[in-house]
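# Architecture at a glance
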Amino acid sequence: MSDPTTTTTTARRPAWLSRLASWDVAVIAITIVVLLVASGTIDNFGTGRNYTFLLLDLLPIALMALPMTFIIVTGEIDLSVASTLGLTSAVMGSLWNSGLTIETIIPLCIVLGAVLGAVNGFFVTVLKLPSLAVTIGTMALYRGLAFVVLGDSAVADFPQSYTSWVTGTIGGSSIPNVLVPLVILAIVFGVVLHATPIGRGVFAAGASDTAARFAGIRTGRTKFWLYVVSGAVAGLAGVLWTLRYSSARADNGFGLELAVVAAVLLGGVSIFGGKGTLPGVLGGVVLLSALQNALRLQDVSNEALNIVTGVLLIISVLLPNILSSARAALRRRRRRSPSPNAGVLAGAEQ
């Protein structure tokens, strides 16, 4: 008679239940709660006018967070996006002063942003320099060039038809016109990241660059084009920023890179690469912008807003790692614990 053997069966949670317990879903749920609570407790927060301003405020952050999600998922970073916004804004003002039409200036600014992104990509993927060091350098370089182009002056006489469209709403509602291109871009980026071989290659590169290259994925080329796209989108954000405020300045978007990175990490993207979802990132953008908007309505200073952003950035890095470590420890404990049927089977053997 053969020795009795045991097979332990572990109850698996349904896929939908595991999904509901994920970080990005939690961020989206918290965002909804914050919006509801703020609308009910803070004067003027729940008005249509304030929601219009809230959406306009989050627009540049959301735009730049789309390609930033891809970059951070690959394990890299781009801290030059706000400086790219500022430089394209300055160039936009300079070109307008030189007599070019706005229809020519807008695509030129987007192309300029792509070129600036390509510079980052060249240093990171061809010269193999750390993306953190490279983009800190270009962050200062691009901002300095913006002041070289435009100095401390401002250009503020852009065509009213364009500025009115950027600040206008759809059919007299509270939904800004510029939300339409943002939604379209978010859908495109989301499909590419989560439903195409390009997206799978991005996640593979973030999980293990070496393994991805052995699997035939050209990680260097992928990262290079991600930086190009990031620069182009930052250039578009610079155009929309300039038209919204009808002011081209070299300091436009100053410090915005912190909010972009904070929103991406708050949305559940791992700073170490290989993990993250675009819906979670968009939830992080809305959550961060809603908190800042609510604090502004309470007359909180900009310095305090920076503190809130910094705290959220630390939490978004620290908390997911603590939860991951706790889950790993729990799994190890379960594997070490004896099976509940072990005593019964041992008695049967005797």
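Predicted model, so just to flag it, every value in this text is computed and none were measured.

Aromatic rings in a pair are described by how distant their centres are and how their planes are angled relative to each other. Applying the stated criterion to the full structure yields six aromatic pairs. Taken together, a centroid distance of 5.8 Å and an interplanar angle of 75 degrees make the contact between Phe45 and Tyr51 edge-to-face. Here Phe45 falls in the buried class, since its relative accessible area comes to 0%. Judged by relative accessible area, which is 24%, Tyr51 ranks as partly exposed. Between Trp96 and Phe158, the ring centres sit 5.9 Å apart and the planes meet at 35 degrees, which makes this aromatic pair tilted. With Trp96 in helix α4 (residues 81-97) and Phe158 in the loop between α6 (131-150) and α7 (160-167), the pair connects residues that are 62 residues apart, well separated along the chain. Among the residues examined, Phe158 registers a relative accessible area of 6% and is labelled buried.

Turning next to the side chain of Ser230. Take Ser230: it is sitting in helix α11 (residues 219-245). Beyond its immediate sequence surroundings of up to four residues, Ser230 is in contact with Pro67, Ile71, Asp78 and Val81.

Unusually for a residue other than glycine, Lys128 sits at a positive phi of about 60 degrees. Tracing the sequence through the fold places Lys128 in the loop between α5 (102-126) and α6. Since its relative accessible area comes to 63%, Lys128 is described here as exposed. Phi is positive for Asp299, close to 60 degrees, though the residue is something other than glycine. A residue is classified by how much of its surface remains accessible, and Asp299, at 71% relative accessible area, is exposed.

With that settled, consider the packing of α5 against α11. Contact pair α5 / α11: the axes reach a minimum separation of 6 Å and the direction vectors enclose 145 degrees. For the pair α5 and α11, the sense of crossing is right-handed. Across from Ile106, Cys109, Ile110, Gly113, Ala114, Gly117, Ala118, Asn120, Gly121, Phe122, Val124 and Thr125 in α5, the residues of α11 making contact are Gly220, Lys223, Phe224, Tyr227, Val228, Gly231, Ala232, Gly235, Leu236 and Val239. The residue inventory of the contact of α5 with α11, partitioned by class, reads 13 nonpolar, eight polar and one charged.

Let's shift gears to the environment of Glu257. Its place among the elements puts Glu257 in helix α12 (residues 256-266). Distance in space between the C-alpha atoms of Glu257 and Ala186 is 19 Å, their sequence separation being 71 residues. If we skip the residues at most four places from it in the chain, Glu257 touches Leu79, Val81, Ala82, Ser83 and Met139.

Note that predicted coordinates carrying low pLDDT should not be read in detail. On average, residues of the protein chain score 88 in pLDDT, and 90% of them reach the 70 mark or higher. Within the protein chain, α5 carries the highest mean pLDDT (97), whereas helix α15 (residues 342-349) carries the lowest (51). Taken as a whole, residues 1-11 scores under 50 in pLDDT and shows three contacts with residues more than four places along the chain or in a different chain.

Definitions and limits used
- Residues numbered from 1 in each chain as written.
- Predicted model: local features only at pLDDT ≥ 70, side-chain atom pairs only at ≥ 80, totals over all residues.
- Heavy atoms only, no water.
- Phe/Tyr/Trp six-rings, centres within 6.5 Å; stacked < 30°, edge-to-face > 60°.
- Buried < 20%, exposed > 50% of the residue type's maximum accessible area, 1.4 Å probe, protein only.
- Helix = DSSP H or I, 4+ residues; strand = E, 2+ residues; numbered from the N terminus.
- Contact = heavy atoms within 4.5 Å.
- Axes fitted to C-alpha atoms, helices over the stretch in contact; angles between N-to-C directions.
- Left-handed = near helix turned anticlockwise from the far one by under 90°.
- Nonpolar A, V, L, I, M, F, W, Y, C, P; charged D, E, K, R; others polar.
- pLDDT = per-residue confidence, 0-100.

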